[in-house]
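An overview of the molecular structure
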Amino acid sequence: MSEIFRSKLRRLTRIVFMTICVSLFCSTARSQSDYLCAHGALAEKIYLQSDGKVYTTDKTIWFKAIVTDALDHIPTKLSGVLYVELIAPDEKILEKKLIKLESGIGEGFFKLTPKYPEGLYQLRAYTEWNKNFGSDFFFREYIRVFAPSTKTKPEPITNITLVNNADNERRIKVVFDPLAIDSLHKKELNLYINFDERRDSFAIKKNSKNQYLFDYPVPTGCRFITMNIETKNLRTFSKTITADEDHLDLQFFPESGELVHRLPGKLGFKVLDSSGKGKNIAGEVVTGEGEVVATFKSNRLGMGSFVLTLPDSSTSYFARIPSNSPEGMPQLFPLPKVVSHGNVLSVSKIQNRILLTASSSYLKNDSITVRISCRGRIHYQLKEPMAEGTINFYFPARKLPDGIIAFTALDDSGQPLAERLWFNERNDRRITIGLSTEKENYLQREQTNVGIQTTNYKGDSINANLSLIVLNKAQLGNIQNTRSSILSYFLLSSDLKGEIEEPGYYFSRSANHFDDLDALLLTQGWRKYIYTKPVGKLPYRYESNLIVSGSVGGVFSPSKRRMADLTLLTLGANRLVLNQKTDSLGRFRFPINDEYGQNLDILIQSSNNAGKRKNYTIMLDPKISPAVEFDQIRMIEKPDSIVHQLVEKNIKRKMVDDAFPISSGDILLDEVVIQGYKMTPDRKRVMEEYGKPVRVIEGKAIQNKEQKWSYGLYSVLMFSFPDKVFIKRGNDGNLYAKVRPSEITLVVIDGIPVKEYEYQHIADIPPSEVRSFEIIENAKNFSRLFMEAFPEADPLSVPAWGDVIAIYTFGGKGIYGIKQPVGIVRTSIPVFSSPIEFYAPNYKNLKPEEWIKPDLRALIHWQPRLQTDNHGKASAAFYNADTTGEMMIVVEAISETGELGYAELDFKVEKR
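As a starting point, this report considers the structure included with it. Note that this is a predicted model, so its numbers are computed, not measured.

Ranked by size, the top nonpolar core spans 48 residues in total, and within it Leu 82, Leu 86, Leu 492 and Tyr 506 carry the most contacts. Ignoring any residue separated from it by four or fewer positions in sequence, one finds Leu 86 in contact with Ile 61, Lys 92, Ile 93, Leu 94, Glu 95, Phe 110, Leu 112, Tyr 116, Tyr 121, Gln 122, Leu 123 and Ile 143. In this structure, Leu 713, Phe 721, Phe 786 and Ile 805 belong to the second largest nonpolar core, which totals 39 residues.

Okay, the packing of aromatic side chains next. Here the structure, examined in full by the defined rule, presents 38 aromatic pairs. Plain terms: the ring middles of Tyr 380 and Phe 395 are 6.3 Å apart, the flat faces sit at 40 degrees to each other, and that makes the pair tilted. Taken together, the residues Tyr 380 in strand β28 (residues 377-385) and Phe 395 in strand β29 (residues 390-396) connect sequence positions 15 residues apart. Among the residues examined, Tyr 380 registers a relative accessible area of 29% and is labelled partly exposed. On the basis of relative accessibility, which here comes to 5%, the residue Phe 395 falls in the buried class. Taking 5.4 Å as the distance between ring centres and 65 degrees as the angle between the ring planes, the aromatic pair formed by Trp 422 and Phe 514 counts as edge-to-face. With Trp 422 in strand β31 (residues 416-424) and Phe 514 in helix α4 (residues 513-523), the pair connects residues that are 92 residues apart, well separated along the chain. Taking relative accessible area as the criterion, Phe 514 reaches 24% and is therefore assigned partly exposed. Ring-pair connections join several aromatic residues into one group, and the members of that group are Phe 176, Phe 195, Phe 202, Phe 214 and Tyr 216.

Moving on: the pairing of strand β7 (residues 119-126). Of all 8 residues in β7, 8 are buried; the element is thus mostly enclosed. Pairing of strand β4 (residues 81-87) with β7 involves 5 bridges; the strand directions are antiparallel. Directly across from Tyr 83, in β7, lies its bridge partner Tyr 126. By the bridge criterion, 7 bridges tie β7 to strand β8 (residues 139-146) in an arrangement that is antiparallel. Paired with Tyr 121 across the strands is Ile 143, a residue of β8.

This part takes up the side chain of Glu 255. With respect to the helices, strands and loops of the structure, Glu 255 is situated in the loop between β16 (249-254) and β17 (259-260). On the basis of relative accessible area, Glu 255 is assigned to the buried category, the value being 10%. Only 2.8 Å separates the side chain of Glu 255 from the side chain of Arg 420, close enough to count as a polar contact. Residues in contact with Glu 255, not counting those within four places in the same chain, are Lys 266, Leu 345, Ser 346, Val 347, Glu 419, Arg 420 and Leu 522.

This next bit is on unusual backbone geometry. For residues besides glycine, phi is generally negative; the peptide bonds are generally trans as well. With a phi angle near 50 degrees, Arg 375 is a residue other than glycine that sits in the positive phi range. Position of Arg 375 among the secondary structure elements: in the loop between β27 (367-374) and β28. Backbone geometry at Asp 750 places phi at a positive 55 degrees, although glycine is not the residue there. Using a relative accessible area of 1% as the deciding quantity, one classes Asp 750 as buried.

Mapping Val 347 onto the fold places it in strand β25 (residues 343-350). By relative accessible area, Val 347 is classed as buried at 5%. With 171 residues separating them in the primary sequence, Val 347 and Asp 518 have C-alpha atoms 10.0 Å apart. When near neighbours in sequence (up to four residues on either side) are disregarded, Val 347 contacts Glu 255, Ile 354, Leu 355, Leu 356, Phe 407, Arg 420 and Trp 422.

The rules we used
Residues numbered from 1 in each chain as written. Predicted model: local features only at pLDDT ≥ 70, side-chain atom pairs only at ≥ 80, totals over all residues. Heavy atoms only, no water. Core = buried A, V, L, I, M, F, W, Y, C linked by side-chain atoms within 4.5 Å. Buried < 20%, exposed > 50% of the residue type's maximum accessible area, 1.4 Å probe, protein only. Contact = heavy atoms within 4.5 Å. Phe/Tyr/Trp six-rings, centres within 6.5 Å; stacked < 30°, edge-to-face > 60°. Helix = DSSP H or I, 4+ residues; strand = E, 2+ residues; numbered from the N terminus. Pairing = 2+ DSSP bridges. Polar contact = N/O pair within 3.5 Å; in protein donor to acceptor, adjacent residues only side chain to side chain.

Here's what the structure looks like:
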């Protein structure tokens, strides 16, 4: 049987298996021993490879997405739509993009702008299908964003002081400056404060010195304090501090769950400092009488292990850490109590075999079962009798998958006795990536050609999807080496609970990398429950393409579902007309063509079975983002010297770019990004007449903010977009909009000027009828527009300048054309994010005068999609920058059958 045939057979078998599981939703409860259709085993894993972890607000975040099944890491055949979000330090979603997946692969970007605040951001990605399995299968990565400026910016939260009173009460004193984030703030300031898990809120008033001061007792034992201020215009800022900088958290983890009397026990340990980071320590294990029974030393990430040869249940054990100061007392930390009866499961590796030893203090000659599983799939289940409380099992490592293996000992009734995690390193299951350049040293701005060869462990070529990134090693190399890679994410991070500090470190091939991996698995919690939880109903369906779904209700009773005939019309680049009958529950689901941009206008028309148009209530399924989970403890991390140097380099690059005019060969990314703005005839006419908009609020954004109590367009804008437009109630009781408080604002709807007597009706426009709300400051031809709106005005008193609000509706006929026809619903839905090409200069025909502008790039090249040919070969080419020294080429790879690969290659750039 040929390898190609076997590969196709494996894929076919897997697709049939997944289809059966998905179609049945595994609705019948499974026995505890059957994990083949376990909850997490049906999920998808998501990995985002971004071009960096530190950015300034003039940069672009580039990313590649890889989505696989959880079992074998085979690129997904289920989801074709990926949701990627950029979450700000205040835990609000700033941007959300839909990324098209093709065989599990996609790419995208976020263009940062100066309006984004500095701080810690979260990149989050998920599929609709993965909502079934909880946030454990969402991808999250934290990045830092700085402003590219040397100017000192005012701090909204300053003068933080922790005071110890004479009665040992600790208090926190803080000064808040809301004007640093909101120049229009007045009166009270809202404060939301967390003391670890305890939460409280306050309304703070100015004191006699015009300051916002806060003075409050800190609860006993509190480690972290998070303060979040909110102005009256809903601008927010948060900051987390540590309440105990000397805090040391030392935790111990017995190898298989417990220390047992007179049974040798291995313990993993982890020590964290006040910021939650690993700390390098050394110490001794002592009895209550002070006898030293063991010593231990951590790695640089604060983890390690040691063995207690014969622990005694009648003895208490402590870890003793010497003090850093000569006069200080050593710190003592208790070890877990030794139990008198229990079981121990230990794992070690002897050459190419894994040795599993099960020991029990009370099951002397009983039979036990050992189950060996990986990512929800059982690979072996063996039952053997013990001999005097001990039994050994040997397994060839090559017979188990690459990644985390769970060894579980069970008694005769199937109850778990002990469990141990082990990392099985299978280099023969990974892609070998060969990288080569024509030479080791290149000149500034010289073209570098990279050759890539992918093979399997036998040396045979293998077809793979690749990404290539080229970095300045001095500026970005250390960040790249310690962050997640395709290997560390799929084989490690995605199967462990909690945050892993420097995940890339465990695949760095250091001398102790395997011992460090084992220490990590001893101390880091396993996401066991997601791979053993029985599967019930899965409410979220997978999206293989863009979908418009919802339900139909009655004309007068929206909650009563109706069967109806529906016609869907899409108004994008590829117009589509689809007809569909709802099911017996009034549900509909339209798959639509791929569309790119921001939003797609659609129209749905309803009729009854006789074909008569009916004004049924059509409700679209809301695509609600999951609740944000943000690790605020990360806020207290202090950027290291490497990060500071990178930011300084970015500031210097920005100054150079601003100092030189744009040449004909350059491309402004801002101009490319705005391609999502569709230039309709109405928009073109308004833009030519009054100027370009400075702010655009899409109708979909307004509709998403509409509440049950909302009573028209202006009520939504007033509460949800106070930073974009001012909504005030006039003396006549109606709401009116202004762009700037000191300037006159006029309104045009679909290019038609609104008359004086029509302004009171703008507030009542249904948000569902608004396609876009756009703001034009210092509009052209303002006097002429003013005379059209107020024809009775004195020509001598007509203002020469002012602002214009341009509203575009689905009706397209001005304020009197927005009444909804019978049986028709107009709305817009989000579509795939438009891809843009990474800009890289071309120095093929470099002219002498082009050397005047320095090229100081740290990100030399980004190519997220490379496909090898049938011989496993691919190539890439790029031009070097002016920065000299070592450059790093990074290639990540995944095959059709789930093999993973990672490779680096350095080369030098010398001065020309």
